[in-house]
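This is what each chain is made of:
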Amino acid sequence: MPASVLKTSVNTKSPDFAKNSRKVVDLVTQIKNEEQQIAQGGGAKATESQHKKGRLTARERIAKLIDPGSHFFELSAYAAWEMYEEWGGAPAAGTVTGLARVCGRMFMLIANDATVKAGAFFPMTAKKVIRAQNIAIENRIPTIYLVDSAGVFLPLQEDVFPDTDDFGRVFRNNAVMSAQGIPQLTAIMGMCVAGGAYLPVMCDHILMTEGSGLFLAGPALVQAAIGQKTSAEELGGAKMHSQISGTVDFREPDDDACIARIRALVDKMGASNPSPFSHVASREPLYPASEIYGAFTNDPGKQYDMHEIIARIVDASEFEEYRPEYGETVLCGYARIGGWAVGIVANQKKHVHTLARGSDQKRIEFGGVIYTESAEKAARFILDCNQNRIPLIFLHDVNGFMVGKDAEWSGIIRAGAKMVNAVSNSVVPKITVICGGSFGAGHYAMCGKAYDPRFIFAWPTARYAVMGGDAAAGTLAEIKLKQLEREGKKVDEKAKQELLASVKATYDRQSDPRYAAARLWVDAIIDPAHTRDALIAALEAASLNPVIPEFKTGVLQT
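Residues numbered from 1 in each chain as written. Predicted model: local features only at pLDDT ≥ 70, side-chain atom pairs only at ≥ 80, totals over all residues. Heavy atoms only, no water.

**A closer look at the environment of Ala378**
At step 1: Mapped onto the secondary structure, Ala378 falls in helix α13 (residues 372–387).
At step 2: On a C-alpha basis, the gap between Ala378 and Leu539 in space is 21 Å, while along the polypeptide they are 161 residues apart.
At step 3: Other than its neighbours up to four places away in sequence, Ala378 contacts Val330, Cys332, Val345 and Met419. (Helix = DSSP H or I, 4+ residues; strand = E, 2+ residues; numbered from the N terminus. Contact = heavy atoms within 4.5 Å.)

In structure tokens:
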């Protein structure tokens, strides 16, 4: 084998491999079952009501719109998970978003789910639509909106209406996307009322089905406001907007005809600009993706080799590792994924035997910890990828930066600042996958949510918090105990253990990837065996934006 081909030492017959596989497969199965439940939207009764109106559900519309046999890569399926339960919940935040191909071309699809509170906008609905639009803006992805919404969910209007990540930002983004030449098509396939009526009118093409309504105020509100009596059809029906107001470009009899018209319009669109990134024919990895289940472990007391994960993601399992003998707790290197050239920055979870900086003393560096040397190497590698227009992939399993006297004396803060600076100012696409832990400042340095990754994915095994659960729970419980002591309350050992268990349960729930996905901190929870597919879709999306700004960094503390 050439030196760049990663060799595997995974023993697929070992008890540890089987144990790891069972644990990950159980988590994946749980996620898939929950996603199937989320996909039911408002349930069978609400679906039946939609069908009685002669309308399809959001997911049925998407299934008919996308190319036959192609895959809909859903984003933010867990949005609003376990939220708004006092209002009966809002599965998937009442809207469906994701990437798919229409007439061979990648689109962002945004569809209101009218089976969930008539498609009304909850606070997380607005944020989810805005996240989808932001992905479309960053990657110049053409966008199709399938509108069927009653507008703002009024009981929560104060959290939907005014802020920069609320309802009005949707229309601002429509205008920005139009100015940037990102194609947008809207099909009104139900209600489109109040402020939401601006969305379709700010797009390139507007389609509307018979029986739908487009108006700033419905008949009841019009009568209350100005005393005028009118029917919904006369006020804002498809025929009126097609023949009288001239607002609608295409009037269609039903959902099927509307979807066929969308595909016909997409078929005539001009080609996108060529990608600035290197792309060749794709080659499959040498090892099965399913082996990731057993090669990986999220047991804090166990180690694994991140090379084994990379070998099952990259083309032909080829990985040109950058400075492999230096700063070994962070792996950096060049590869291809689906034919796309990428730079990979990954946390190594194996402990490393090395020499102390500036001496011949042997030391052990703990896997998952960023040391001075590894931060400096990663910073330099990120600069190189920007210099050579290579998209960056970050694979997280990080405990944070090393602490202690030796670390401080080695300049860990300065080295960490270099890495954060390089990540912050990077201009090539960045895509993040949280495999295991993603804690504290390590999350930031590895291109966490605040550092503008084009996409951020998480495995079901991910943990996402300021520090690990045991340490955090111990600290929080200690604070609570001291508070109780100050109040003059005595706490026995049993009560202390119950308090610790309660705090840890709360903290573990908040560090769960579903908790993060509910709040849009991650774009999708993905099956580890499908990591390669998710990255290929993300890279294809990123390639649609031909613009790479000039790369500059701030002051680097050398």
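Here the narrative resumes, following the displayed structure.
**Here's the deal with the packing of α13 against helix α15 (residues 412–425)**
At step 1: Packing of α13 against α15 leaves a shortest axis separation of 8 Å and a crossing angle of 25 degrees. Between α13 and α15, the crossing angle belongs to the class labelled roughly parallel. Relative to α15, α13 is oriented so that their crossing is left-handed. Along the contact surface, α13 presents Thr372, Ala375, Glu376, Ala378, Ala379, Ile382 and Leu383, while α15 presents Ile412, Ala415, Gly416, Lys418, Met419, Ala422 and Val423. (Axes fitted to C-alpha atoms, helices over the stretch in contact; angles between N-to-C directions. Parallel < 35°, antiparallel > 145°, perpendicular 65-115°, else oblique. Left-handed = near helix turned anticlockwise from the far one by under 90°.)

**So, the nonpolar core**
Across soluble globular proteins, nonpolar side chains show a tendency to be buried alongside one another.
At step 1: Ranked by size, the top nonpolar core spans 76 residues in total, and within it Ile310, Ile344 and Phe457 carry the most contacts.
At step 2: Ranked by size, the runner-up nonpolar core spans 28 residues in total, among them Ala79, Ala80, Leu156 and Ala517. (Core = buried A, V, L, I, M, F, W, Y, C linked by side-chain atoms within 4.5 Å. Buried < 20%, exposed > 50% of the residue type's maximum accessible area, 1.4 Å probe, protein only.)

**What about the side chain of Ser14?**
At step 1: Locating Ser14 in the fold gives a position in the segment before α1 (15–38).
At step 2: Of the residues examined, Ser14 reaches a relative accessible area of 17% and is grouped as buried.
At step 3: A polar contact is formed between the side chain of Ser14 and the backbone oxygen of Asn11, at a distance of 3.0 Å. (Polar contact = N/O pair within 3.5 Å; in protein donor to acceptor, adjacent residues only side chain to side chain.)

**A word on helix α10 (residues 255–267)**
At step 1: Helix length check: α10, at 13 residues, gives a terminal C-alpha distance of 18 Å against a target of 18 Å (1.5 Å per residue), a fit within 8%.
At step 2: Those residues of α10 not exposed but buried are Asp255, Cys258, Ile259, Ile262, Leu265 and Val266. Projected down its long axis, α10 carries its buried residues within an arc of 120 degrees, all on one side.
At step 3: In this structure Asp254 caps α10, since a side-chain oxygen of it lies 3.3 Å from the backbone nitrogen of Asp256. (Expected span 1.5 Å × (residues − 1). Arc of directions from axis to C-beta.)

**Observations regarding the packing of helix α3 (residues 58–65) against α10**
When two helices pack together, their arrangement is captured by the angle between the axes and the distance separating the axes.
At step 1: For the pair α3 and α10, the least separation of the axes is 10 Å and the interaxial angle reads 45 degrees. Comparing the axis directions of α3 and α10 gives the class oblique. In this structure, the crossing between α3 and α10 has a hand that is right-handed. Where α3 approaches α10, its residues Arg61, Lys64 and Leu65 are matched on the opposing element by Asp255, Asp256, Ile259, Ile262 and Arg263.

**Some remarks on a nonpolar patch on the surface**
At step 1: A cluster of nonpolar side chains, Tyr198, Met202 and Leu216, forms an exposed patch at the surface whose accessible area comes to about 290 Å².
At step 2: Mapped onto the fold, Met202 is located in the loop between α6 (198–201) and β6 (205–209).
At step 3: A residue is classified by how much of its surface remains accessible, and Met202, at 30% relative accessible area, is partly exposed. (Patch = residues over 30% accessible without salt bridge, like charges linked within 9 Å, V, L, I, M, F, W, Y side chains within 5 Å. Areas by Shrake-Rupley, 256 points an atom, 1.4 Å probe, with all protein chains shown as cover. Salt bridge = Lys/Arg side-chain N within 4 Å of Asp/Glu carboxyl O.)

**Some details on the pairing of β6**
At step 1: Most of β6 is tucked away, with four of its five residues classed as buried.
At step 2: Note: strand β5 (residues 184–193) against β6, four bridges, orientation parallel. Residue pairing across strands places Ala187 opposite Leu207, the latter belonging to β6.
At step 3: Sheet topology places β6 next to strand β8 (residues 250–252); three bridges connect them, and they run parallel. Across the sheet, Thr209 pairs through a bridge with Glu252, a residue of β8. (Pairing = 2+ DSSP bridges.)

**Digging into the pattern of salt bridges**
At step 1: In this structure the tally under the stated criterion is 25 salt bridges.
At step 2: Taking the shortest distance from any N to any O, the salt bridge between Arg312 and Glu308 comes out at 3.0 Å.
At step 3: We note a salt bridge from Arg363 to Glu373, for which the minimum N-O separation is 3.4 Å. Placement of the pair is Arg363 in strand β13 (residues 362–365) and Glu373 in helix α13, with a sequence separation of 10 residues.
At step 4: Of the residues examined, Arg363 reaches a relative accessible area of 25% and is grouped as partly exposed.
At step 5: Each of Glu34, Asp512 and Arg514 takes part in salt bridges that share partners, so that together they form one network.

**A word on the side chain of Asp67**
At step 1: By the element assignment, Asp67 lies in the loop between α3 and β1 (73–75).
At step 2: A polar atom in the side chain of Asp67 sits 2.6 Å from the backbone nitrogen of Cys103.
At step 3: When neighbours within four sequence positions are excluded, Asp67 is seen to be in contact with Arg101, Val102, Cys103, Gly104 and Arg263.

**Overview of a positive patch on the surface**
At step 1: A surface patch of like charges, here positive, comprises Lys19, Arg22, Lys23, Lys302 and Arg463.
At step 2: Ranked by residues supplied to the positive patch, first place goes to α1 with three residues.
At step 3: Within the secondary structure, Lys19 is located in helix α1.
At step 4: Lys19 sits in the partly exposed class, given a relative accessible area of 47%. (Lys, Arg positive; Asp, Glu negative; His and termini not counted. Charge placed at Lys NZ, Arg CZ, Asp CG, Glu CD.)

**Some points on the pairing of strand β17 (residues 430–439)**
At step 1: Counting buried positions along β17 gives 10 out of 10 residues, so the element sits mostly inside the fold.
At step 2: Bridging between strand β15 (residues 392–398) and β17 involves six bridges; their strand directions are parallel. Bridge pairing in β17 places Leu395 opposite Val433.
At step 3: Bridge count for β17 against strand β18 (residues 455–458) is four bridges, and the pairing is parallel. When the bridges of β18 are listed, Thr432 appears paired with Ile456.
At step 4: Here three bridges tie β17 to strand β19 (residues 463–465), and the two strands are oriented parallel to one another. Following the sheet pairing, Phe439 is matched in β19 by Ala465.

**What about the packing of aromatic side chains?**
At step 1: Counted by the stated rule, this structure contains 16 aromatic pairs.
At step 2: Ring centres 5.2 Å apart and planes at 80 degrees place the aromatic pair Phe296 and Trp459 in the edge-to-face group. Of this pair, Phe296 sits in the loop between α11 (292–295) and α12 (306–311) while Trp459 sits in the loop between β18 and β19; the two residues are 163 residues apart in sequence, bridging distant segments of the chain. The burial state of Phe296 is the same as that of Trp459; both residues are buried. (Phe/Tyr/Trp six-rings, centres within 6.5 Å; stacked < 30°, edge-to-face > 60°.)

**Here we look at unusual backbone geometry**
Note: most residues except glycine have negative phi, and most peptide bonds are trans.
At step 1: You will see that Arg389, though not glycine, has its phi angle at about 55 degrees, which is positive.
At step 2: In this structure, Arg389 sits in the loop between α13 and β15.
At step 3: Positive phi is not limited to glycine here, since Asp452 has a value of about 60 degrees.
At step 4: With respect to the secondary-structure elements, Asp452 resides in the loop between α16 (440–445) and β18.

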